[in-house]
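Residue-level listing of the chains:
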Amino acid sequence: MAALLLSVAACGSVGGGGDGGEGVAAVQPSRVTESDLRAAISDPRLTRFYEARAWQPAWNQQSAAALVDAIGAAGRHALDPNQFLASAARSEAPAAREAGLSLAALTYAEALARGRTDPKRLRPDYTMDRPDPDLAAGLNQALEQGNVGEWLEGLAPQDEEYRLLSETYVAAARQAAGEGLEQIPAGDTISAGGSDPRVPAIATALRRGGYLPAQPEGQAQPGPEYGGELVEAVRRLQDDHGLEPSGEIDEATLEALNRSAFDRARILAVNLERRRWLPRQASALRIDVNIPAATLQYWRDGQLVDQRRVIVGQPGNETPQLASPIFRLVANPTWTVPESIAEEEILPKGASYLRRNNMTMRDGMIVQEPGPTNSLGEVKFDMRNDLAIYLHDTPAKTLFEQDRRQLSHGCVRVHDALGFAAMLAEQEGVSADWRKAVATGEETFVPLPREIPVRLLYHSAFVEGGRIRFRPDPYGFDEDVAEALGLPARPRPQPAEHIGDVGP
């Protein structure tokens with residue numbers, strides 16, 4: 001077990017005081033000279049911090065204790081207090097202790113304010129801006145006001161989703177500390193009314209996940225019959241994991257049942273980190289696409305007004321994590337086929353394929369003419385980015401019925417895209433222009449009076465309807481974050497067979 005995931009259980013009270021902080025709590029900060037302090041510092045963040053203080057020491061016994069107490073509660077953010085306090089705990093010379101406390105404060109502040117890891121180092125195509133507060137100035141002000149702990153805690157996201165993810169992480173990490181998990185073996189699908197010797201183990205797993213109440217002391221384990229409250233509990237679990245809530249226990253449902261508290265805590269730790277990367281105030285008008293869930297949410301005036309299924313990139317053609325606005329609607333779009341798709345998936349099929357699919361050659365590129373069979377469907381939502389990523393319609397409507405919808409070449413296909421475009425056009429005051437554009441049957445551009453921000457997010461754990469939902473990690477991006485956080489390694493998802501759908 002990794003110390004990071006077990007830090008909550010080890011700390012006892014989540015509200016304060018931490019394992020690993022006791023060695024710093026006894027420090028008696030002393031007066032140090034400017035020359036000693038300069039000699040003890042190599043981090044440019046500390047240089048800026050002490051320059052603003054005219055090289056005066058920052059810490060006394062009270063403020064140092066408040067800092068240690070605040071960092072001791074790092075477990076509720078799925079962060080390990082020892083990662084921040086170790087240097088201060090090792091320091092013996094007064095100037096080194098002084099610098100170690102400041103470094104611990106600034107490093108922990110940065111982890112809460114903008115993440116412990118840098119998403120752009122993990123994924124070069126990550127284009128969302130991270131928060132960038134002046135932490136040196138904030139720490140100095142907090143020291144003057146005597147509220148270091150409150151200032152640090154206020155740097156983390158304060159929204160309800162982060163709070164629920166954090167609380168669920170704490171519960172899972174504590175459960176993991178004493179967990180002995182027996183995997184439910186694979187077998188035939190179990191249907192309601194059936195019988196299977198694995199049912200008692202399934203009931204135990206449902207209780208462990210909170211889908212059934214704890215078994216009263218002295219009550220006998222359920223028998224092999226599968227029905228009643230067990231079926232309803234399985235349906236709730238399936239819904240939380242993005243599966244069809246059929247109540248049937250198939251391979252995917254067994255995988256969800258076998259997910260340990262340790263693995264749940266690990267997933268939640270990764271997703272808490274992702275929330276810390278994001279600006280604290282999301283745009284009141286925006287479209288959020290969650291790639292693992294393959295869903296779209298449309299927010300207007302800060303309220304969720306629409307939610308629908310989407311199709312995102314398949315492994316190998318991943319949809320990037322980016323922020324990019326929609327600036328116009330395109331009715332009856334043409335599709336200029338990217339060279340990679342043309343060479344690998346279209347040209348080998350010959351000229352007859354091009355004719356059947358209304359494709360022609362223009363300046364050495366394949367262009368598909370407008371029409372209901374066009375791979376972009378009947379509407380494209382043009383976005384501003386250098387990756388040629390956008391939202392669009394599709395003629396392959398049946399794909400939206402699948403639970404796992406990572407099927408495209410990277411762009412985002414929207415369920416009932418024409419209806420969604422009509423909604424945006426009406427709300428943005430260009431409904432008449434949009435109807436005329438659609439009626440032409442030709443590619444026609446309808447600029448929006450203002451750009452609509454779009455965020456393509458990768459959240460494999462999130463809150464919906466007041467409940468924590470989990471989704472598989474289709475691209476292995478969770479593993480990148482987990483590795484950067486120092487979490488134990490897990491097998492990466494095996495690449496699925498490439499889907500032969502030529503659309504973007």
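Above this note sits the structure.
What you see is a predicted model; the values in this text were computed from it and never measured. (Residues numbered from 1 in each chain as written. Predicted model: local features only at pLDDT ≥ 70, side-chain atom pairs only at ≥ 80, totals over all residues. Heavy atoms only, no water.)

### Regarding the sheet that holds strand S6 (residues 335-336)
Within the open sheet, the three strands sit side by side as S6-S8-S7. Their pairing is antiparallel. Of all the strands in the sheet, just S6 and strand S7 (359-362) have a single pairing partner and so form its edges. In the sheet, S7 pairs with strand S8 (residues 365-368) via four bridges, with the strands oriented antiparallel. Residue Met-361 lies in a different strand from S8, and its bridge partner there is Ile-366. (Pairing = 2+ DSSP bridges. Helix = DSSP H or I, 4+ residues; strand = E, 2+ residues; numbered from the N terminus.)

### Quick word on the pattern of salt bridges
Under the counting rule described, the total for this entry stands at 33 salt bridges. Residue Arg-276 pairs with Glu-273 through a salt bridge whose shortest N-O separation is 2.8 Å. One end of the pair is Arg-276 and the other is Glu-273, both in helix H15 (residues 261-277) and three residues apart, which spans about a single turn. A relative accessible area of 0% places Arg-276 in the buried class. (Salt bridge = Lys/Arg side-chain N within 4 Å of Asp/Glu carboxyl O. Buried < 20%, exposed > 50% of the residue type's maximum accessible area, 1.4 Å probe, protein only.)

### Focus: unusual backbone geometry
A positive phi angle, near 60 degrees, is found at Asn-358, a position not held by glycine. Given a relative accessible area of 36%, Asn-358 falls into the partly exposed group.

### Observations concerning the layout of surface pockets
Empty space within the largest pocket amounts to approximately 1,000 Å³. In terms of lining residues, the largest pocket is bounded by 35 residues, among which Glu-255, Arg-259, Pro-472, Asp-473 and Pro-493 are the most central. Looking at the lining of the largest pocket, the elements that each hand over two or more residues are helix H14 (251-257), H15, strand S11 (406-408) and helix H20 (477-485). A per-class count over the lining of the largest pocket returns 16 nonpolar, seven polar and 12 charged. By volume, the second largest pocket is sized at about 750 Å³. Around the second largest pocket sit 27 residues that line it, and Glu-161, Arg-286, Asp-288, Trp-299 and Arg-455 are the ones nearest its centre. Mapped by element, the contributors of at least two residues to the lining of the second largest pocket are helix H11 (160-177), strand S1 (286-290), strand S2 (295-300), strand S3 (303-313), strand S14 (454-457) and strand S15 (461-464). Taken together, the residues of the lining of the second largest pocket break down into 10 nonpolar, eight polar and nine charged. (1 Å grid on protein atoms, 1.4 Å probe; cavity = no way out; pocket = protein on both sides within 12 Å on 5 of 7 lines; lining within 4 Å. Points joined across faces, edges and corners; volume = space filled by probe spheres on them. Nonpolar A, V, L, I, M, F, W, Y, C, P; charged D, E, K, R; others polar.)

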